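Notes for the structure review
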Amino acid sequence: MKYYPVNLDLNNKQCLVVGGGKVAKRKIKTLLKCRAKVTAVSIKFLKEIEELEKENKNLILKQKKYDIDDIKDMFLVIGATNIQELNSEISINAKNEKVICNIADCPSKCDFILPAFIERGDLVLSISTSGSSPAFAKKMRKNFETEFGLEYEIFLELMKKIRLKLLAEKHSPEEHKPLFEAFIEQDIIKYIKTNDIEKIDSILMEIFGKDRKFLYSELMEDK
């Protein structure tokens, strides 16, 4: 295995994107979604990126040429320019400053590569070809988007609420494990997809006890 799979916590981390085009826009939007504090540097920005700055206090745009000082104090840097020499400079600077770096479409200059992924609430499915074929990873992502719908997001939200309810009753987490395993085995996702709330409630009461606080409507009322 060439790469070590990992999910980074970027909450409030300082991240730099060098570039102002379509690729930079995608990278900026993903970083912002991860609650990173993003600085973008470019001589020129797409209008859509300028609009993002107006909408999001965690994005700062610097309309100027990139220089090594831009990397100072950054946790992560992404090179998203179409200038090979500049991308190489960013990669070298990042290594010297011990900042993890990704250069778009150039795995050899990266400390990490970005997989194709889909999100369904707390569920994140990522697909990587280790840089061999981003196009194939994109195709696989589209296949997954069809297979994994909103029901997976709702299911995980339900599981989270059950877990919090059990923890509030000061049960040992080890006691929860067989309950959750039994619940998952009941194909709840199928019943969510068909909106069979009566069946879900029946399973909830069977596994977690005949208690109204473990009815679907009670658990999901603040969804």
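Small disclaimer: the values here were computed from a predicted structure and weren't measured.

**A word on the overall build of the protein chain**
A count of helices and strands for the protein chain gives 9 helices and 7 strands. Taken over the C-alpha trace, the protein chain has a radius of gyration of 22 Å; the compact-globule value for 223 residues is 17 Å, which it surpasses by more than 25%. Each principal axis of the C-alpha atoms in the protein chain carries an extent, and together these give about 65 × 35 × 35 Å. For the protein chain, buried positions account for 38% of its 223 residues. Looking at the protein chain alone, contacts between residues at least 24 apart form 50% of all its contacts between residues at least 6 apart. For the protein chain, the exposed surface amounts to about 14100 Å²; the carbon and sulfur share of it is 50%. On the protein chain, the mean spot of the 39 positive side-chain charges and the mean spot of the 36 negative ones are 5 Å from each other.

**Concerning a nonpolar patch on the surface**
A cluster of nonpolar side chains, namely Tyr4, Val6, Leu8 and Phe75, defines an oily patch on the protein surface of about 440 Å² accessible area. Position of Tyr4 relative to the elements: it lies in the segment before strand 1 (14-18).

**Thoughts on the environment of Met140**
Mapped onto the fold, Met140 is located in helix 4 (residues 134-147). Sequence spacing of Met140 and Phe117 is 23 residues, and the spatial spacing of their C-alpha atoms is 9.2 Å.

**A few points about helix 3 (residues 84-96)**
If you check helix 3, its first and last C-alpha atoms are 19 Å apart, about what 13 residues at 1.5 Å a residue would give, namely 18 Å. Within the span of helix 3, buried status applies to Leu86, Asn87, Ser88, Ile90, Ser91, Asn93 and Ala94. Residues of helix 3 that are buried make contact with strand 1, strand 4 (76-79) and strand 5 (100-103). With its phi angle positive at about 55°, Lys98 sits one or two positions after the end of helix 3.

**Observations regarding the state of the cysteines**
Here a disulfide denotes one covalent bond, and it connects the sulfur atoms of two cysteines. Within the structure shown, the criterion is met by 0 disulfides. The thiol sulfur of Cys110 is not disulfide-bonded, and the nearest other cysteine sulfur, from Cys106, lies at 6.3 Å.

**Observations concerning helix 5 (residues 150-168)**
Taking 1.5 Å of rise per residue, the 19 residues of helix 5 would be expected to cover 27 Å, and the 27 Å separating its terminal C-alpha atoms lies within 8% of that figure. Among all positions of helix 5, only Glu151, Ile154, Phe155, Glu157, Leu158, Met159, Lys161, Ile162 and Leu166 are buried.

**Here we look at the side chain of Ser42**
For Ser42, the position within the fold is in strand 2 (residues 37-42). Looking at Ser42, the relative accessible area reads 12%, which means it is buried. Among the polar contacts listed, one links the side chain of Ser42 to the backbone nitrogen of Gly20, at a separation of 3.4 Å. A polar contact of 2.7 Å, which involves the side chain of Ser42, links it to the backbone oxygen of Lys44. Leaving out residues up to four positions away in the same chain, Ser42 has contacts with Gly19, Gly20, Lys62, Gln63 and Lys64.

**Considerations on the pairing of strand 6 (residues 116-120)**
Residues Ala116, Ile118 and Arg120 of strand 6 are buried on one face, while the alternating residues Phe117 and Glu119, pointing to the opposite face, are not. The sheet contact formed by strand 6 and strand 7 (residues 123-127) spans 5 bridges and is antiparallel. When the sheet's bridge partners are listed, Ala116 is paired in strand 7 with Ile127. Two successive antiparallel strands, strand 6 and strand 7, enclose a turn made up of 2 residues, where Gly121 displays a positive phi of approximately 65°.

**A short note on the nonpolar core**
In this structure, Leu158, Ile162, Phe183, Leu204 and Phe208 are the most contacted members of the largest nonpolar core, which totals 21 residues. Taken together, the elements giving at least two residues each to this core come down to helix 5, helix 6 (173-184), helix 7 (188-193), helix 8 (197-208) and helix 9 (216-219). Take this core: its biggest share by element is 6 residues, from helix 5. Apart from residues no more than four positions distant in its own chain, Leu204 is found in contact with Ile162, Phe183, Gly209, Phe214, Leu215, Tyr216 and Leu219. If you look at the next biggest cluster of nonpolar residues, it comprises 19 residues, including Ile28, Leu31, Ala40 and Phe112.

**Thoughts on the pairing of strand 4**
The alternating pattern of strand 4 places Leu76 and Ile78 and Val77 and Gly79 on opposite faces, both of which are buried. Examined bridge by bridge, strand 1 and strand 4 share 4 bridges and lie parallel to one another. Looking across to strand 4, one finds that Val18 is bridged to Gly79. Alignment of strand 4 against strand 5, held across 4 bridges, turns out to be parallel. Among the inter-strand pairings, Val77 is bridged to a residue of strand 5, identified as Cys101.

Scoring rules and cut-offs
Residues numbered from 1 in each chain as written. Predicted model: local features only at pLDDT ≥ 70, side-chain atom pairs only at ≥ 80, totals over all residues. Heavy atoms only, no water. Helix = DSSP H or I, 4+ residues; strand = E, 2+ residues; numbered from the N terminus. Rg over C-alpha atoms; globule rule 2.2 N^0.38 Å. Buried < 20%, exposed > 50% of the residue type's maximum accessible area, 1.4 Å probe, protein only. Contact = heavy atoms within 4.5 Å. Areas by Shrake-Rupley, 256 points an atom, 1.4 Å probe, with all protein chains shown as cover. Lys, Arg positive; Asp, Glu negative; His and termini not counted. Charge placed at Lys NZ, Arg CZ, Asp CG, Glu CD. Patch = residues over 30% accessible without salt bridge, like charges linked within 9 Å, V, L, I, M, F, W, Y side chains within 5 Å. Salt bridge = Lys/Arg side-chain N within 4 Å of Asp/Glu carboxyl O. Expected span 1.5 Å × (residues − 1). Disulfide = S-S within 2.5 Å. Polar contact = N/O pair within 3.5 Å; in protein donor to acceptor, adjacent residues only side chain to side chain. Pairing = 2+ DSSP bridges. Core = buried A, V, L, I, M, F, W, Y, C linked by side-chain atoms within 4.5 Å.

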